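As a plain string of letters, each chain reads:
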Amino acid sequence: MQPDEVRSVLAKQHIETPSWAYGNSGTRFKVFAQQGIPRDAFEKISDAAQVHRYTGVAPSVAIHIPWDQVDDFAKLAQHAADEGVSIGAVNPNTFQEDDYRLGSVCNPDPRIRRKAIDHLIECVQIAGEVGSKHLSLWFADGTNYPGQDSIRDRQDRLGEALKETYEAMTAASAEMTMLVEYKFFEPAFYHTDLPDWGTSLLHCLHLGPQAKVLVDTGHHAPGTNIEMIVATLLREGRLGGFHFNSRFYADDDLIVGAADPFGLFRIMFEVAQAGAVLPDGGVAFMLDQCHNLEAKIPAEIRSVMNVQEATAKALLVDAEALAQARSAGDVLAANAIVMDAYNTDVRPLLAQVREEMGLAADPLAAYAASGYAEKIVTERVGGSAAGWGA
Ligand code: PSV
Ligand code: MN
């Protein structure tokens, strides 16, 4: 793709940030509280709007229920619109109540399964109220010991729960997509009910065309070729979206592109080759991160910039030369074409994109100069700071 075409695609890119990135977070050892943290969903959305203000490509924010529970969702959606953003994926939470000790939709107790499914359907309704197009499902279900429960029965229960939720969702809207996320382990350590893309895809295929797989980049065993998964799902029209983050060890939820920028590029290269970078490609690009040490808003700005850089490099691959090298069987030339794009410094090109969008060339510097970080520290006194799980 020529640089002017690349710039026009980059200006239209859409990267969603998660409301939970703006709250306090930590590990099971310690949460280091920061100052100026939002106290509720309204303030989280205001913070997310800052990321959009300086990058121009983060116009929506995902919510997690009940972390972002409010009395009036229409008011929350209006607040988002007033701040220049919208509400994106609605994420139900079926993993933080005592009832879910043995699982949610896969729990052996039908009462608890009913409670979990009712919550999923409640989130379909919330999505309708806030104008969201994505119901994003992740289940912490699994077992810790062989024999603890029947793996097969749990798959049946999962299938039934997804079916009921899918029917409620498709009845409510023909425009909504159910995103089915997988994760290979944690919190369950023996078996997980949705451990991989194959299991997610099987369930989606049983459900129908409005169910698609969500790839969280932190949810694979080390060494997994994620771009192969991405290419396969794109080929089937079943890649619903990403939860971007990066990891050194397990599900670290670090800033996307920090640990493995080349891996992120390889993923975006597959997306670019499939022509699925822009919103009309049907893939939702979302961040799923927690900033335990660093300031939240600049960390999200940096994350968006990292995705933009990987995308710019992926778009710069000379597709024609690559096709020729491939058909000639020229392994080294094909690899060099891809590496040339990866090794291009795209920061000046992105600075130009931002200037063409009427933004500052350096979003981090512009945010730092805005005084917003100081303002929220002074203004947000009293109340309790939002945290992962609140
Ligand atoms: C689970 O690890 C997960 O990736 C799911 O997407 C959850 O909704 C999110 O993290 C919570 O932080
Ligand atoms: Mn995730």
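Residues numbered from 1 in each chain as written. Chains lettered and ligands numbered in written order. Predicted model: local features only at pLDDT ≥ 70, side-chain atom pairs only at ≥ 80, totals over all residues. Heavy atoms only, no water.

Draft legend 1. Representation of the coordination of the manganese ion (ligand 2) in the model. Looking at the manganese ion (ligand 2), one finds its protein donor set to be Glu181 (OE), Asp216 (OD), His243 (ND1) and Asp288 (OD), positioned 2.1 to 2.2 Å from the metal centre. Taken together, the 6 donor atoms surrounding the manganese ion (ligand 2) define angles of 72 to 167 degrees at the centre, an arrangement classified as octahedral. One chain supplies every donor to the manganese ion (ligand 2), and in sequence these donors are spaced E-x34-D-x26-H-x44-D. Of the two residues, Asp216 is situated in strand E8 (residues 211-216) and Asp288 in the loop between strand E10 (284-287) and helix H9 (296-316); the sequence distance between them amounts to 72 residues. (Donors = N, O, S within 2.8 Å, 3.2 Å for Na, K, Ca; no water. Tetrahedral: all angles 85-135°; square planar, octahedral: opposite > 155°, others 65-115°. Helix = DSSP H or I, 4+ residues; strand = E, 2+ residues; numbered from the N terminus.)

Draft legend 2. Geometry of the pattern of salt bridges. As enumerated under the stated definition, the model contains 21 salt bridges in all. For Asp68, the salt bridge goes to Lys44, with nearest N and O atoms at 2.7 Å. Of this pair, Asp68 sits in the loop between strand E2 (60-65) and helix H3 (73-82) while Lys44 sits in helix H2 (residues 41-55), placing them 24 residues apart in sequence. Pair check on accessibility: Asp68 and Lys44 agree, each one buried. In this structure, the salt-bridge partner of Glu379 is Lys375, at a minimum N-O distance of 3.6 Å. Taken together, the residues span about one helical turn, with Glu379 and Lys375 both in helix H14 (residues 372-379) at a distance of 4 residues. Taken together, the shared-partner salt bridges connect Arg39, Glu43, Asp47 and Arg380 into one network. (Salt bridge = Lys/Arg side-chain N within 4 Å of Asp/Glu carboxyl O. Buried < 20%, exposed > 50% of the residue type's maximum accessible area, 1.4 Å probe, protein only.)

Draft legend 3. Representation of the pairing of E8. Burial analysis of E8 places 6 of its 6 residues in the buried class, which makes it a mostly covered element. As paired elements, strand E6 (residues 177-181) and E8 share 4 bridges and run parallel to each other. Directly across from Leu179, in E8, lies its bridge partner Lys212. Sheet topology places E8 next to strand E9 (residues 239-244); 4 bridges connect them, and they run parallel. Across the sheet, Asp216 pairs through a bridge with His243, a residue of E9. Handedness of the crossover is the feature at issue here: the chain leaves E8, passes through helix H7 (residues 226-235), returns alongside E9, and the resulting connection is right-handed. (Pairing = 2+ DSSP bridges. Right-handed = clockwise from strand over helix to strand, strands pointing away.)

Draft legend 4. Just the site of ligand 1, in detail. All residues adjacent to ligand 1 are Trp20, His64, Trp138, Glu181, Lys183, Asp216, His219, His243, Asp251, Asp288 and Trp388. Residue Asp216 places a side-chain N or O atom 3.0 Å away from an oxygen atom belonging to ligand 1. At a separation of 3.1 Å, an oxygen atom of ligand 1 approaches a polar side-chain atom of His219. Notes on ligand 1: free accessible area 310 Å², of which the protein chains cover 96%. Partitioned by chemical class, the residues of the shell around ligand 1 number 3 nonpolar, 3 polar and 5 charged. (Near = heavy atom within 4 Å. Polar contact = N/O pair within 3.5 Å; in protein donor to acceptor, adjacent residues only side chain to side chain. Areas by Shrake-Rupley, 256 points an atom, 1.4 Å probe, with all protein chains shown as cover. Nonpolar A, V, L, I, M, F, W, Y, C, P; charged D, E, K, R; others polar.)

Draft legend 5. Layout of the environment of Leu293. Looking at the secondary structure, you find Leu293 in the loop between E10 and H9. Take Leu293: its relative accessible area is 71%, and that puts it in the exposed class. It is 7.2 Å that separates the C-alpha atoms of Leu293 and Phe32, two residues lying 261 residues apart in sequence. Setting aside residues no more than four positions away along its own chain, Leu293 makes contact with Phe32 and Gln34. (Contact = heavy atoms within 4.5 Å.)

Draft legend 6. The packing of aromatic side chains, seen in detail. A complete count under the given rule lists 15 aromatic pairs for this structure. Aromatic pair Phe242 and Phe244: ring centres 4.8 Å apart, planes at 10 degrees, arrangement stacked. Owing to a relative accessible area of 0%, Phe242 belongs among the buried residues under this scheme. Relative accessible area serves as the criterion here: at 0%, Phe244 is assigned to the buried category. Ring centres of Phe265 and Tyr342 lie 5.1 Å apart, and the angle between their planes is 45 degrees; this geometry places the pair in the tilted category. In this pair, Phe265 is assigned in helix H8 (residues 261-273) and Tyr342 in helix H11 (residues 331-342), connecting sequence segments 77 residues apart. For Phe265, a relative accessible area of 1% translates into the label buried. One aromatic cluster in this structure is built from Trp20, Trp67, Phe95 and Trp138. Note that Lys115 overlies the ring of Tyr100, its terminal NZ or CZ placed 5.5 Å from the centroid. (Phe/Tyr/Trp six-rings, centres within 6.5 Å; stacked < 30°, edge-to-face > 60°. Lys NZ or Arg CZ within 6 Å of the ring centre and 35° of its normal.)

Draft legend 7. A look at helix H5 (residues 151-172). Taking 1.5 Å of rise per residue, 22 residues should cover 32 Å, and H5 covers 32 Å from first to last C-alpha, within 8% of that figure. Along H5, the positions that sit buried rather than exposed are Arg154, Arg157, Leu158, Ala161, Leu162, Thr165, Tyr166 and Met169. All buried residues of H5 fall inside an arc of 165 degrees around its axis, so they share one side. Residues Arg152, Glu160 and Ala171 are exposed on H5 and point more than 90 degrees away from its buried face. (Expected span 1.5 Å × (residues − 1). Arc of directions from axis to C-beta.)

Draft legend 8. Representation of the pairing of strand E1 (residues 15-18). Residues Ile15 and Thr17 point to one face of E1 and Glu16 and Pro18 to the other, with burial holding for every one of them. As defined by bridge partners, E1 adjoins E10 across 2 bridges and the pair is classed as parallel. When the sheet's bridge partners are listed, Glu16 is paired in E10 with Met286. Examined bridge by bridge, E1 and E2 share 2 bridges and lie parallel to one another.

Draft legend 9. Inspection of the environment of Pro92 at higher detail. Inspection of the secondary structure puts Pro92 in strand E3 (residues 86-92). Pro92 sits 47 residues away from Phe139 along the chain, and the two C-alpha atoms are 9.2 Å apart. Pro92 has contacts with His64, Ile65, His119, Leu120, Cys123, Leu135, Ser136 and Leu137, leaving out every residue within four places of it along the chain.

Everything listed here is a matter of coordinates, which is why it stays silent on function.
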